[in-house]
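Structure assessment
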Amino acid sequence: MESSNKTSRIALIVLAVLVAVLGVLYIRSNQLNKEQATTIEEKATELANTRASLDSISTQLDAKIAEIKSLGGQVADLEALKVQLEQDKASLKQTNHATIASYEAKIKEYNLVLTQKDGEIVELKKQNGILTENNQVLTAQNTNLNNENTGLKSQNKSLSDTLSDVAAKNKELARKVSIAAALKAQNLRVLAINAKGKETERARLNGKKIEKLKVVFNLANNPITKLENKTIYLRVIDGEGATLSDESIGSGKVNVNGKDVIYTTKQVVTYTNNNQEVGIIYPRGGVTYKPGKYTVELIAEGFNVGVGTFEVK
């Protein structure tokens, strides 16, 4: 009888252990399921936010293109950037959580270009005689864009319609994409170098003392420009429309928008994408520059990338 009772106690203990183990396994299983569900939800949210950020940038690009066009500026680089953005949006549809992080750097580069274009718009407005008291307008636009961005983040829409649009734009803008990395010359200045090598920068240069001309400018950052050697052509045009040239010291012809034009001199520059300063010297000595207003044009890869003026007294 005592043996039977002992056996029953052992059985009860084993049964209790089994129940405890099963309970632990059940709780652990539920915990894992909840963790997996949370991870999936986090991935979906991150993907939606990335798509919303790219959509917001696309809206801002359209606004910048329209405004710069209305001010008479060049928008080939922005249109090409828009094509790249649409390709990134299309690629995002096939991506996963492991590669979404790579889009953060792209989004930063896009936002950097948008910020740079704000400065260009201000400069264009100055050139067009528009008063610079438009900060309130720009602030309002930024507020609207931020509100748009907030609204877009709540959306997780399909990109299938965009894919067909991208394909059409890629074909239409094939030529522009090939020059998407067009250089942009900023802060252009013209200096005179006399026979002793002294450099002078004035509103009106003394034509009798100009031994050489030096054109100084900065190459703006461009995240889609290849870091490679770029040939920059300089045209110096007098008040009568004639281009200063001398084949014996490097002048020649270059194609611009399908038309051959005479250039004054050229220089090969290694593009480094860090707002580098470049100086091009035209060593035309022994010639007196006629009084009047001169125009300076910079050409790279078949397109005008900068323009400026100087005056000779």
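See above for the structure.
A quick note: this is a predicted structure, and the numbers were derived from the prediction, not measured.

**Considering the overall build of the protein chain**
What the protein chain contains, in helices and strands, is 7 helices and 11 strands. The 313 residues of the protein chain split such that 36% are buried. Across the protein chain, the fraction of contacts at a sequence separation of at least 24, relative to all contacts at a separation of at least 6, is 70%. As presented, the protein chain carries roughly 18700 Å² of accessible surface, and 51% of it is formed by carbon and sulfur atoms.

**Details of the packing of aromatic side chains**
Enumeration over the complete set of coordinates arrives at 3 aromatic pairs. With a centroid separation of 6.2 Å and an interplanar angle of 65°, the aromatic rings of Tyr289 and Tyr294 are classed as edge-to-face. In this structure Tyr289 comes out as buried when scored by relative accessible area, which is 3%. Connected via pairs of aromatic rings, a cluster forms that spans Tyr289, Tyr294 and Phe310.

**Observations regarding the side chain of Thr264**
Relative to the helices and strands, Thr264 is located in the loop between strand E7 (259-263) and strand E8 (265-270). For Thr264, the side chain forms a polar contact with the main-chain oxygen of Leu244, separated by 2.7 Å. Beyond its immediate sequence surroundings of up to four residues, Thr264 is in contact with Leu234, Arg235, Val236, Thr243, Leu244, Gly250, Ser251 and Tyr282.

**Considering the packing of helix H2 (residues 76-92) against helix H4 (residues 102-127)**
Relative placement of two packed helices is described by the angle separating their axes and the distance separating the axes. Between H2 and H4, the shortest axis-to-axis distance is 12 Å and the interhelical angle comes to 160°. Comparing their axes, H4 and H2 come out roughly antiparallel. H4 is crossed by H2, and the crossing has left-handed handedness. Contacts between H2 and H4 involve Asp77, Leu78, Leu81, Gln84, Leu85, Asp88, Ser91 and Leu92 from the former and Tyr103, Lys106, Tyr110, Val113 and Lys117 from the latter.

**Description of the sheet that holds strand E1 (residues 185-193)**
Taken in spatial order, the 4 strands line up as E2-E1-E4-E9 in an open sheet, and their pairing is antiparallel. Lying at the two open borders of the sheet, with one neighbouring strand each, are strand E2 (199-200) and strand E9 (277-282). The pairing of strand E4 (residues 212-219) with E9 spans 6 bridges and is antiparallel. Directly across from Phe217, in E9, lies its bridge partner Val278.

**A closer look at a nonpolar patch on the surface**
The grouping of Ile10, Val14 and Leu18 at the surface amounts to a nonpolar patch, some 270 Å² of accessible area in total. Structurally, the position occupied by Leu18 is in helix H1 (residues 2-70). Classification of Leu18 as partly exposed rests on a relative accessible area of 49%.

**Notes on the sheet that holds strand E5 (residues 229-237)**
The 5 strands lie next to each other as E3-E11-E10-E5-E8, forming an open sheet whose pairing is mixed. Every other strand in the sheet has two partners, leaving strand E3 (204-205) and E8 as the edge strands with one partner each. In this sheet, strand E11 (residues 303-312) lies alongside E3 in parallel orientation, the contact comprising 2 bridges. The partner of Arg204 across the bridge, within E11, is Glu311.

**Focus on the side chain of Thr265**
Note on placement: Thr265 falls in strand E8. Classification of Thr265 as buried rests on a relative accessible area of 7%. Residues contacting Thr265, with those up to four places away along its chain left out, are Ile232, Tyr233, Leu234, Gly250, Ile280, Ile281 and Tyr282.

**Some details on the pattern of salt bridges**
Across all of its chains, the model carries 19 salt bridges by this definition. The partner of Glu120 in a salt bridge is Lys117, with the nearest N and O atoms 2.9 Å apart. Of the two residues, Glu120 and Lys117 both sit in helix H4, 3 residues apart, roughly one turn of that helix. Both residues of the pair, Glu120 and Lys117, belong to the buried class.

Cut-offs used in this document
Residues numbered from 1 in each chain as written. Predicted model: local features only at pLDDT ≥ 70, side-chain atom pairs only at ≥ 80, totals over all residues. Heavy atoms only, no water. Helix = DSSP H or I, 4+ residues; strand = E, 2+ residues; numbered from the N terminus. Buried < 20%, exposed > 50% of the residue type's maximum accessible area, 1.4 Å probe, protein only. Contact = heavy atoms within 4.5 Å. Areas by Shrake-Rupley, 256 points an atom, 1.4 Å probe, with all protein chains shown as cover. Phe/Tyr/Trp six-rings, centres within 6.5 Å; stacked < 30°, edge-to-face > 60°. Polar contact = N/O pair within 3.5 Å; in protein donor to acceptor, adjacent residues only side chain to side chain. Axes fitted to C-alpha atoms, helices over the stretch in contact; angles between N-to-C directions. Parallel < 35°, antiparallel > 145°, perpendicular 65-115°, else oblique. Left-handed = near helix turned anticlockwise from the far one by under 90°. Pairing = 2+ DSSP bridges. Patch = residues over 30% accessible without salt bridge, like charges linked within 9 Å, V, L, I, M, F, W, Y side chains within 5 Å. Salt bridge = Lys/Arg side-chain N within 4 Å of Asp/Glu carboxyl O.

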